[in-house]
Amino acid sequence: MEKRLSLICLIAWLAFSIVGCGMLQKKNSEAKEVDYTVVKKEELPPEVKKIIEVKKQEEFQMAYQCEGELYLLRGYGIQSSGGYSIQVEYVRENEEEIHIKTRLLGPESREEQKDTISCPSIVVKVENRNKKIVFD
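Residues numbered from 1 in each chain as written. Predicted model: local features only at pLDDT ≥ 70, side-chain atom pairs only at ≥ 80, totals over all residues. Heavy atoms only, no water.

1. Observations concerning the packing of aromatic side chains
Then, number 1: Going through the model one piece at a time under the given rule, you end up with zero aromatic pairs.
Then, number 2: Of note, R74 hangs over the ring of Y76, and the distance from its end group to the ring centre comes to 4.0 Å. (Phe/Tyr/Trp six-rings, centres within 6.5 Å; stacked < 30°, edge-to-face > 60°. Lys NZ or Arg CZ within 6 Å of the ring centre and 35° of its normal.)

2. Comments concerning the sheet that holds strand β8 (residues 132-135)
For sheets, the rule is that strands pair by backbone hydrogen bonds, running either parallel or antiparallel.
Then, number 1: With mixed pairing, four strands are arranged side by side in an open sheet as β1-β5-β6-β8. In this open sheet, the two strands that pair with only one neighbour each are β1 (32-33) and β8.
Then, number 2: Alignment of β1 against strand β5 (residues 85-93), held across two bridges, turns out to be antiparallel. For E33, the partnering residue across the bridge sits in β5 and is R92. (Pairing = 2+ DSSP bridges. Helix = DSSP H or I, 4+ residues; strand = E, 2+ residues; numbered from the N terminus.)

3. Observations concerning the side chain of E97
Then, number 1: Its location among the elements puts E97 in strand β6 (residues 97-105).
Then, number 2: For E97, the side chain forms a polar contact with the side chain of H99, separated by 2.8 Å.
Then, number 3: When near neighbours in sequence (up to four residues on either side) are disregarded, E97 contacts R92, K131, K132 and V134. (Polar contact = N/O pair within 3.5 Å; in protein donor to acceptor, adjacent residues only side chain to side chain. Contact = heavy atoms within 4.5 Å.)

4. Some words on the environment of I52
Then, number 1: Within the secondary structure, I52 sits in helix α2 (residues 46-55).
Then, number 2: In this structure I52 comes out as buried when scored by relative accessible area, which is 9%.
Then, number 3: Measuring from C-alpha to C-alpha, the distance between I52 and R74 comes to 9.0 Å, with 22 residues separating the pair along the chain.
Then, number 4: Among all residues touching I52, those that are not within four sequence positions of it are L44, F60, L73, S121 and V123. (Buried < 20%, exposed > 50% of the residue type's maximum accessible area, 1.4 Å probe, protein only.)

This is the structure:
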């Protein structure tokens, strides 16, 4: 009797695990690409420039709403040399959230590595959709 109960519990657990994985895949597959613009430093609103200046020495990620636009800010803190860049891997949304993923790229050559430190950051502008922002 005890073995039969254990077997039933194991089968039920496996069934729920499979259903849960299917639901997770369905949620991710429903995500769609979001149009975005990488904003040049000289085109940033003054408030966003101030935020970056204050936070640039530490890693940060945040969203800032200004004049009906949503700015997604990502900084990678102090780096030991220059020549770093940031790549946007994706900006996607589902029913509840907007997901953004970026990647820090190091200098490709020795010439790009300067003797000074750098604080790479990026600002991505999207249409404000009043959704939770998730930095992946």
